[in-house]
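Single-letter residue listing:
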Amino acid sequence: MGTYERKDHYYRKAKEKGLPSRASFKIEEILQKYRIVRTGDWVIDLGAAPGGWTVILSKAVGDKGKIFAIDLVPLNIPLKPNMNFLQADILGAETESWLEKNLGKHQVPCICSDMSPKLTGIPFKDAYDSYLLGMKALEVAKKWLRSGGSLVTKIFPGEEFHIFLKTLKSHFKNVKVFEPESSRKTSREVYVLGLEFRRS
C-alpha cells in the first residue's frame, strides 16, 4: 500500500454496507452501464476473492441464476444458494473438471475477471503479468462463453495493451475500455469488455 490511505470514500462505503471490498462498486458500475448480466443468468467469476464481485453478481442473477466463482484463495463471504466456489487455478485440471461437472454443455452469457497479479511496483512487469491473466480469462471464455456473450477483465495497461485489445477484437463484435469511478485514484487499472462474442 505504501503511503496510500485506504480508508477513502469507497473503502468506507464498502465497510458501511458490509461488503467484502470496494471492488463491489466497480462491478456495479459496469453492470449499470452495460447491462451484461440479467436475472437467471449463469456467470463465471474469475479471481473472485474476497468476494466483492461475487456478492453483486449473485444479486444481479437472482435466485434462479448461478455464480461459479474461482480463485486461488478463499472467499471472505458466506455462500448463498446461487453461489458455487472452487479454490483452484483457473486453467488447472481441477477447474476444468469442476466446470464440466457443474455446467455440462451449458455455455454462459457472461464471464467476469477481476484477477490481479501479485504487484511488484515495477510498472512494466505488473502490466505484463496483468496481460497474461487477461489472456487466461480469454481462454476460459473460448471454452465456456456462449455466442453473443460478454467478457469483463481487469488489466493494467502497458506495452501489451494494444495487443490485448486487438486479440479481443478478433473474438468480439465490440470491445470497450471502462475506468470505474470507484477505482483507487492511484490505480492504473482499467476494465476491458468484450461484447457480443463470436464463437468460431
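As shown above, the structure is provided for reference.
Residues numbered from 1 in each chain as written. Predicted model: local features only at pLDDT ≥ 70, side-chain atom pairs only at ≥ 80, totals over all residues. Heavy atoms only, no water.

(A) Highlighting unusual backbone geometry. A cis amide bond links Ala49 with the next residue in sequence, Pro50, at an omega value of 5 degrees. Within the secondary structure, Pro50 is located in the loop between strand S1 (42–46) and helix H3 (52–61). Despite not being glycine, Arg35 shows a phi value in the positive range, around 50 degrees. Within the element layout of this structure, Arg35 appears in the loop between helix H2 (23–34) and S1. Phi at Glu196 is positive, roughly 60 degrees, even though this residue is not glycine. Secondary-structure assignment places Glu196 in strand S7 (residues 190–197). (Helix = DSSP H or I, 4+ residues; strand = E, 2+ residues; numbered from the N terminus.)

(B) Seen up close, H3. Burial analysis of H3 places 8 of its 10 residues in the buried class, which makes it a mostly covered element. Of the residues making up H3, those classed as buried are Gly52, Trp53, Thr54, Val55, Ile56, Leu57, Ser58 and Val61. A positive backbone phi angle near 75 degrees is found at Gly62, which sits one or two residues after H3. (Buried < 20%, exposed > 50% of the residue type's maximum accessible area, 1.4 Å probe, protein only.)

(C) Inspection of the environment of Ile90 at higher detail. Mapped onto the elements of the fold, Ile90 is located in the loop between strand S3 (83–87) and helix H4 (93–103). According to the relative accessible area criterion, Ile90 is buried, its value standing at 10%. When the C-alpha positions of Ile90 and Asp71 are compared, they lie 7.1 Å apart, and in sequence the two are 19 residues distant. Setting aside residues no more than four positions away along its own chain, Ile90 makes contact with Leu46, Ile70, Thr95, Met115, Lys136, Ala137 and Val140. (Contact = heavy atoms within 4.5 Å.)

(D) Main features of the environment of Lys143. Of note, Lys143 is situated in helix H5 (residues 123–144). Residue classification places Lys143 among the partly exposed residues on the basis of a relative accessible area of 38%. Along the backbone, Lys143 and Gln107 are 36 residues apart, and their C-alpha atoms lie at a distance of 8.1 Å.

(E) Just the sheet that holds strand S4 (residues 108–113), in detail. The 7 strands lie next to each other as S3-S2-S1-S4-S5-S7-S6, forming an open sheet whose pairing is mixed. Every other strand in the sheet has two partners, leaving S3 and strand S6 (172–178) as the edge strands with one partner each. Direction aside, the axes of adjacent strands within the sheet are offset by 15 degrees on average. Sheet topology places S1 next to S4; 4 bridges connect them, and they run parallel. Counted as the bridge partner of Val43 is Cys110 from S4. Along the sheet, helix H6 (residues 161–169) makes contact with strand S5 (145–155), S6 and S7, crossing S6 at roughly 145 degrees. (Pairing = 2+ DSSP bridges. Axes fitted to C-alpha atoms, helices over the stretch in contact; angles between N-to-C directions.)

So, to be careful, I would describe these as geometric facts and stop short of saying anything about function.
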